[in-house]
Amino acid sequence: MATLCPATRTIEPMQDLNDMLFFAEVAERGGFTAASKALNVPKSRLSRRVAELEAALGVQLLQRSTRRLSLTPAGEIYLRHCVAVRDTAEAGAEAVAQVQKEPRGTVRLSCPVTLAQSSVGPILPIFMKRHPGVTVEMRVLNRPVDPVEEGVDMALRVRAEIENSATLAARSFSRSRLLLVAAPEVLARRQPLQGPENLAGLDAVAMSAADARTGTLLVGPEGRSFVYTPFPRYLADDLLTLRFAILQGVGAGFMPDYMCQDDLRAGRLVEALPGWHPPSGIVHAMYPPRRALVPAVRLLLDFFAEHLERCDEALNSGSNLAVVPA
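Residues numbered from 1 in each chain as written. Predicted model: local features only at pLDDT ≥ 70, side-chain atom pairs only at ≥ 80, totals over all residues. Heavy atoms only, no water.

Colleague: Would you take a moment to explain the pairing of strand β3 (residues 105-111) for this structure?
Modeller: Working note: regular strand, side chains alternate between the two faces of the sheet. In this structure, β3 lies alongside strand β4 (residues 134-140), joined through seven bridges in parallel fashion. Bridged to Arg108 within β4 is Glu137. Once you follow β3 into helix α5 (residues 113-130) and on to β4, the crossover reads as right-handed. Inspection of the sheet shows β3 paired to strand β5 (residues 154-159) by two bridges, in the parallel sense. Bridged to Ser110 within β5 is Ala155. (Pairing = 2+ DSSP bridges. Helix = DSSP H or I, 4+ residues; strand = E, 2+ residues; numbered from the N terminus. Right-handed = clockwise from strand over helix to strand, strands pointing away.)

Structure below.
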């Protein structure tokens, strides 16, 4: 019987897997600048490595122009394989992480300024003490953050509605109301407010002139509504700064409930028109679904769900907001 001999073939060296990752990030994020921020790798290095990858493959993967970056047909095919390699590697790392008794690693998140200073900041140390192997990097800023483009594990938000996203998952924690509050002496200068129509002429402060001109929808008893258009004496695009003006009697203004409950309980502030509020906002997190599989990220999401819900319950009941480790 004849013996079958295997055909001799040349085995090409495998492509650098890091280069495949670099290419996938550049392609998915639409450019070298966004990929550089997400990977924390210099833009010049990314550009060089992708160019070397193209030279090694002998094809052009990216079509470059001064305004935009697009994939060539070969680039579209190669990207699918790069993404598969990356996802497999991440799944392996996450599988190992899930068997660890104590979660480790860095969790990166973004948070609006007032939410960080009033609710999230006071409770995060509890999480840090509970999980000493976890490092938290929080960006405190008042602008929308895209977790994918900016390389964060979750973006905390307070909005009237949760974004419907094809690439991000959402988890809601609590609700927040805006309250129209003033120092007692501001309301003492006027006749008692019987309804929202009596707000006209009330000294006011606001975040911006545009917000004031647009007006704020107030919803009251039995679903009645009213658009309140203040004429502010003082404008400042920072809520903490406005709070100082409200406390010192400059005028009435809107404050998130989590910022002013202590002042209301102490009598330093009063609600101008109890029972009338703008529609409540939802405190929630947006995150890439795969990141929630990482134990440290998942635990922080669970922690926020537990503790921010407690804050919400305390606000609604009027009880003390002291943070008690659980």
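Colleague: Just to check I follow, could you spell out the pattern of salt bridges for this structure?
Modeller: Pairing between side chains of opposite charge can happen when the charged atoms of each approach one another. A full pass over the atoms with the stated rule returns 17 salt bridges. With a shortest N-O distance of 3.2 Å, Arg189 and Asp203 are connected by a salt bridge. In this pair, Arg189 sits in the loop between α7 (184-188) and β8 (204-206) while Asp203 sits in the loop between α7 and β8, placing the two residues 14 residues apart along the sequence. What you see here is one network of salt bridges that share partners, running through Glu25, Glu28, Arg29, Arg86 and Asp87. (Salt bridge = Lys/Arg side-chain N within 4 Å of Asp/Glu carboxyl O.)

Colleague: What's the story with the side chain of Arg29 in this structure? I'm lost.
Modeller: Take Arg29: it is sitting in helix α1 (residues 17-29). In this structure the side chain of Arg29 is engaged in a polar contact, spanning 2.6 Å, whose partner is the side chain of Glu25. Excluding residues that lie within four positions of it along the chain, Arg29 makes contacts with Ala34, Ala35, Ala38, Val148, Glu149, Glu150 and Gly151. (Polar contact = N/O pair within 3.5 Å; in protein donor to acceptor, adjacent residues only side chain to side chain. Contact = heavy atoms within 4.5 Å.)

Colleague: Looking at this structure, how should I read α5?
Modeller: Along an α-helix, a turn takes 3.6 residues, which lines up residues three or four apart on a common side. Look at α5: 24 Å from first C-alpha to last across 18 residues, which is about the 26 Å you get at 1.5 Å a residue. Of all bends in α5, the biggest is about 55 degrees, found at Val120, and the proline Pro122 comes one to four residues later. Of the residues making up α5, those classed as buried are Val113, Thr114, Leu115, Ala116, Ser119, Val120, Ile123, Leu124, Ile126 and Phe127. (Expected span 1.5 Å × (residues − 1). Bend = angle between axes of the 7 residues up to and from the residue. Buried < 20%, exposed > 50% of the residue type's maximum accessible area, 1.4 Å probe, protein only.)

Colleague: Explanation requested: a nonpolar patch on the surface in the structure shown.
Modeller: A contiguous nonpolar patch, built from Leu217, Val219 and Val227 and spanning about 210 Å² of accessible area, is present on the exposed surface. Note that Val219 resides in strand β9 (residues 216-219). (Patch = residues over 30% accessible without salt bridge, like charges linked within 9 Å, V, L, I, M, F, W, Y side chains within 5 Å. Areas by Shrake-Rupley, 256 points an atom, 1.4 Å probe, with all protein chains shown as cover.)

Colleague: Hey, could you run me through the packing of aromatic side chains in this one?
Modeller: One pair of aromatic rings is described through two measures. These are the centre distance and the angle between the planes. Across all of its chains, the model carries five aromatic pairs by this definition. Grouping aromatic residues by their ring pairs yields a cluster made of Phe127, Phe173, Phe303 and Phe304. (Phe/Tyr/Trp six-rings, centres within 6.5 Å; stacked < 30°, edge-to-face > 60°.)

Colleague: Got a minute to help me understand the pairing of strand β7 (residues 178-182) in this structure?
Modeller: For β7, the tally of buried residues reaches four of five residues, placing the bulk of the element in the interior. Across four bridges, β7 lies against strand β12 (residues 253-256) in antiparallel orientation. Bridge pairing in β12 links Leu180 to Phe254. The sheet contact formed by β7 and strand β13 (residues 270-271) spans two bridges and is antiparallel. Each bridged residue has a counterpart across the sheet, and for Val181 the counterpart in β13 is Glu271.

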